[in-house]
Amino acid sequence: MQKPTIAIVGPGRAGSALGRALHAAGYTIAAIGGRNPDNIRNLAQELGARACQSPATTIDIADLTILAVPDDVILPLAADMVESLCSAAGHAVVHLSGAQDRGALRPLAQGASLRTGVFHPLQTFRRGPEAVENVGGTYFGIDADPPLRDQLTAMASDIKGHVFDLAGVDRALYHAAAVFAANYSMTLLAEAIGLAGEAGLDKETAQRGMTMLLAGAVNNLKDLAPADAITGPASRGDEGTIQRHLAALKTDPAAQRLYQLLADRTKLLARKKNEEAA
């Protein structure tokens, strides 16, 4: 299958990481568009692409345009782009949102007869060139009709990703699951670092120590399910320790409630595991 030329609208974390990964995999990055002129110009120069101030221009000059923009921007951007298109016959547009379906691209599908789809990387990216390191091994949720679906599947494979079908999936619930895994785990880590500091650890030790603890827990998940990898007092049924923790958190009722909720969920997880093993 011939590789399509690619345009990226939104050279932020995800857009930049995918642009770099696709470029390294032999794809021609034809255009970069977005709102920040400096970000557009820098990524365009790096990838040998054309810097476009008008997002609609990217559709005109690339086979496949990737909208790497915030969820709430997709629909209004698609509507604006329709008004400025010149010749987009046979071209395609996809967005990277996990929470939105193809309906967010309806203006382009109906108003310009473009092929549309979803190409959601189930991954988190940092800022900077190092973000491309997270692309390999990523699971990509795809929702598109052939031949675009086949094109997106090949594209994911070329950047060493894995594909799963998003068609028919409850997007809000699916995306909430992703937020639990990638975003709220960072919130919990920040809470842990703060509590360690309150306990008397210096800032650097709290930061590095708790981060390494989380890294070890994630490493355990390489060949274990969460129920098999989880440790700690709630999973062991050590109620005395849990009560001491709750007492220590009495000056922060919100943290105390959060701890209790997570402890209860952990006990439930451990209980289910034991029932399944019985």
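Located above this text is the structure these notes cover.
Residues numbered from 1 in each chain as written. Predicted model: local features only at pLDDT ≥ 70, side-chain atom pairs only at ≥ 80, totals over all residues. Heavy atoms only, no water.

(A) Spotlight on the overall build of the protein. Broken down by element type, the protein carries twelve helices and eight strands. In terms of overall dimensions, the protein has C-alpha extents of about 70 × 45 × 30 Å along its principal axes. Counting across all 278 residues of the protein, residues that qualify as buried make up 37%. Taking contacts inside the protein between residues at least 6 apart in sequence as the whole, the part at least 24 apart equals 58%. If you sum the accessible surface of the protein, you get close to 15,400 Å²; carbon and sulfur atoms cover 53% of it. Charge separation in the protein, taken as the distance between the mean sites of 26 positive and 29 negative side-chain charges, equals 3 Å. (Helix = DSSP H or I, 4+ residues; strand = E, 2+ residues; numbered from the N terminus. Buried < 20%, exposed > 50% of the residue type's maximum accessible area, 1.4 Å probe, protein only. Contact = heavy atoms within 4.5 Å. Areas by Shrake-Rupley, 256 points an atom, 1.4 Å probe, with all protein chains shown as cover. Lys, Arg positive; Asp, Glu negative; His and termini not counted. Charge placed at Lys NZ, Arg CZ, Asp CG, Glu CD.)

(B) Structural view of the sheet that holds strand 8 (residues 162-165). Read from one edge of the open sheet, eight strands run 3-2-1-4-5-6-7-8, paired in mixed fashion. Edge positions in the open sheet fall to strand 3 (50-52) and strand 8, since each of these has one partner strand only. Ignoring strand direction, the axes of neighbouring strands in this sheet form an average angle of 25 degrees. With four bridges connecting them, strand 7 (residues 139-144) and strand 8 associate as parallel partners. Looking across to strand 8, one finds that tyrosine 139 is bridged to histidine 162. (Pairing = 2+ DSSP bridges. Axes fitted to C-alpha atoms, helices over the stretch in contact; angles between N-to-C directions.)

(C) Spotlight on the packing of aromatic side chains. With the rule as written, the count across this model stands at three aromatic pairs. Residues phenylalanine 180 and tyrosine 184 carry aromatic rings whose centres are separated by 5.7 Å and whose planes lie at 90 degrees to one another, so their mutual orientation is edge-to-face. Within this pair, phenylalanine 180 and its partner tyrosine 184 are both found in helix 7 (residues 171-199), separated by four residues, close to a single helical turn. In this structure, lysine 3 packs its charged tip against the face of tyrosine 27, placed 5.5 Å from the ring centre. (Phe/Tyr/Trp six-rings, centres within 6.5 Å; stacked < 30°, edge-to-face > 60°. Lys NZ or Arg CZ within 6 Å of the ring centre and 35° of its normal.)

(D) Highlighting the environment of methionine 186. Following the sequence through the fold, methionine 186 ends up in helix 7. The spatial distance from the C-alpha of methionine 186 to the C-alpha of threonine 211 is 9.7 Å, given a sequence separation of 25 residues.

(E) Layout of the layout of surface pockets. In this model, the second largest pocket occupies a volume close to 320 Å³. Lining the second largest pocket we find 14 residues, and of these Gly10, Gly34, Arg35, Val69 and Pro70 sit closest to its centre. Residue composition of the lining of the second largest pocket, grouped by class: eight nonpolar, five polar and one charged. (1 Å grid on protein atoms, 1.4 Å probe; cavity = no way out; pocket = protein on both sides within 12 Å on 5 of 7 lines; lining within 4 Å. Points joined across faces, edges and corners; volume = space filled by probe spheres on them. Nonpolar A, V, L, I, M, F, W, Y, C, P; charged D, E, K, R; others polar.)

(F) Quick look at the pattern of salt bridges. In total, this model carries seven salt bridges according to the counting rule given. Measuring nitrogen to oxygen at the nearest pair gives 2.7 Å for the salt bridge that ties arginine 171 to aspartate 143. Remark: aspartate 143 occurs in strand 7 and arginine 171 occurs in helix 7; sequence separation between them is 28 residues. Arginine 208 is the partner of glutamate 204 in a salt bridge, and the nearest nitrogen-oxygen pair spans 3.0 Å. Separated by four residues within a single helix, glutamate 204 and arginine 208 lie in helix 8 (residues 203-220), roughly one turn from each other. Taking the relative accessible area as the measure of exposure, arginine 208 reaches 56% and is therefore exposed. (Salt bridge = Lys/Arg side-chain N within 4 Å of Asp/Glu carboxyl O.)

(G) Examining a nonpolar patch on the surface more closely. There is a patch of nonpolar side chains on the surface, built from Leu188, Leu258 and Leu262 and spanning about 220 Å² of accessible area. Judged by relative accessible area, which is 37%, leucine 188 ranks as partly exposed. (Patch = residues over 30% accessible without salt bridge, like charges linked within 9 Å, V, L, I, M, F, W, Y side chains within 5 Å.)

By themselves, these observations are geometric and do not establish any function.
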